[in-house]
Amino acid sequence: VFTLKKILQDFSSNQDFIKMFLEEAKISLNLKHPNIVRVLDFGQVEGHYFLAMEYVFGRDVGTILRTSVEKRVYIPIDVACTIIWQCAKGLEYAHSLVDSFGRRTGVIHRDISPPNLLVSYNGDAKILDFGIAKATKSGNRQSTRSGVLKGKFSYMSPEQASGQPLQAASDQFSLAIVLYELLTSRSLFFSQDEMETLERV
């Protein structure tokens, strides 16, 4: 069983989306770790690109958090820590990945947040969506050409929020925010005003 991911029809001719999609495929096909959602295949059919991805039978952490708040049930500390520990192992693998010449590629996810962390009903936690990830050796490009920040503001590290070059610590910071929210059922930085969110970060 697998999941297909493709560019929506409205954006299928957008070169920036296509470039980002191809970058995701390039990075994701090399990531083979039990705590990262596997990309099984990549291709193009009638001009439409697609990714065939491992299907995770479970829920994303965002859904788990919302449900716990709605039902007023705290997530057990050991469960929260186990989820984060598994995701941290996946991140360590991605951050330490080397190419065929033994050079570290420096992959940074840049969008670690509850919707991108999946938990299977077997208890396996996996990182999803390297769609805005970058390999640092490709030039430390941390924003679009128009200067728009990528990623969810309330889970950004201070350096990402200010548009600085990113290292592995940025993903670790984002993962720590998720841990805080799992333990407290409260948002750490979120505000309805995006600029205020960035200022809090």
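Here the structure is shown first, and the text comes after it.
Source: prediction; values computed, not measured.

Novice: Help me out: how do you make sense of the overall build of the protein chain in this one?
Specialist: Broken down by element type, the protein chain carries 6 helices and 8 strands. Along the chain direction, N to C, the helices and strands of the protein chain fall in the order β-α-β-β-β-α-α-β-β-β-β-α-α-α. For the protein chain, the spread of C-alpha atoms along the principal axes amounts to about 50 × 40 × 40 Å. In the protein chain, which comprises 201 residues, the proportion classed as buried is 42%. In the protein chain, the proportion of contacts linking residues at least 24 apart, taken out of those at least 6 apart, comes to 61%.

Novice: Which parts of the structure should I look at to understand the nonpolar core?
Specialist: Most often, soluble globular proteins keep nonpolar side chains buried together rather than apart. Counting residues in each nonpolar core, the largest one holds 31 residues, and the members touching the most others are Val 61, Leu 117, Phe 130 and Leu 182. Only α2 (61-70), α3 (77-96), β6 (117-120), β7 (125-127) and α5 (168-184) provide two or more residues apiece to this core. Element by element, the count of residues in this core is highest for α3, at 6 residues. Once residues lying within four places of it in the same chain are set aside, the contact partners of Leu 182 are Val 61, Leu 65, Ile 75, Ala 80, Ile 83 and Ile 84. Ranked by size, the runner-up nonpolar core spans 11 residues in total, among them Ala 25, Met 53, Leu 118 and Leu 128.

Novice: Honestly, the pairing of strand β2 (residues 39-45) in this entry has me stumped. Any pointers?
Specialist: As a general feature of sheets, a regular strand has side chains that alternate between the two faces. As judged from the 6 bridges shared by β2 and strand β3 (residues 48-54), these two strands associate in the antiparallel manner. Among the inter-strand pairings, Asp 41 is bridged to a residue of β3, identified as Ala 52. Where β2 folds back on β3, the antiparallel hairpin that results is connected by 2 residues, among which Glu 46 adopts a positive phi of roughly 50 degrees.

Novice: Sorry, what's going on with the state of the cysteines here?
Specialist: Scanning all chains against the criterion turns up 0 disulfides. The thiol of Cys 81 is not disulfide-bonded; the next cysteine sulfur, from Cys 87, is found 12 Å away. Residue classification places Cys 87 among the buried residues on the basis of a relative accessible area of 0%.

Novice: I tried to follow the sheet that holds β2 on my own but got confused; where do I start?
Specialist: Backbone-to-backbone hydrogen bonds join strands into a sheet, with any given pair of strands oriented parallel or antiparallel. Reading across from one edge, β1-β3-β2 is the order of the 3 strands in this open sheet, with antiparallel pairing throughout. Of all strands in the sheet, those with a lone pairing partner are β1 (2-6) and β2, marking the two edges. Across the sheet, the mean angle from the axis of one strand to that of its neighbour is 25 degrees, orientation sign disregarded. Contacting β1, β2 and β3, helix α1 (residues 15-28) runs over the sheet at an angle of about 35 degrees to β3.

Novice: It is not clear to me how the sheet that holds β6 should be interpreted in this structure. Could you clarify?
Specialist: With antiparallel pairing, the 3 strands of this open sheet are ordered in space as β4-β6-β7. The open sheet terminates on both sides in strands that have one partner only, identified here as β4 (58-60) and β7. Averaged over all neighbouring strand pairs, the angle between strand axes comes to 25 degrees, with direction disregarded. Two elements, β4 and β6, share 3 bridges in a ladder whose sense is antiparallel. The partner of Gly 58 across the bridge, within β6, is Ser 120.

Novice: What should I look at first to understand α5 in this one?
Specialist: Owing to its 3.6 residues per turn, the α-helix brings residues three or four apart onto one side. The end-to-end C-alpha distance of α5, which contains 17 residues, comes to 25 Å, matching closely the 24 Å that a straight helix rising 1.5 Å per residue would cover. Within α5 the residues assigned to the buried category are Ser 170, Asp 171, Ser 174, Leu 175, Ile 177, Val 178, Glu 181 and Leu 182. Down the axis of α5, the buried side of the element spans an arc of 145 degrees, and every buried residue falls inside it. Buried-residue contacts for α5 involve α2, α3, β5 (107-108), β6 and α4 (158-161). After α5 finishes, the residue Ser 185 shows a positive phi value of roughly 60 degrees.

Analysis parameters
Residues numbered from 1 in each chain as written. Predicted model: local features only at pLDDT ≥ 70, side-chain atom pairs only at ≥ 80, totals over all residues. Heavy atoms only, no water. Helix = DSSP H or I, 4+ residues; strand = E, 2+ residues; numbered from the N terminus. Buried < 20%, exposed > 50% of the residue type's maximum accessible area, 1.4 Å probe, protein only. Contact = heavy atoms within 4.5 Å. Core = buried A, V, L, I, M, F, W, Y, C linked by side-chain atoms within 4.5 Å. Pairing = 2+ DSSP bridges. Disulfide = S-S within 2.5 Å. Axes fitted to C-alpha atoms, helices over the stretch in contact; angles between N-to-C directions. Expected span 1.5 Å × (residues − 1). Arc of directions from axis to C-beta.

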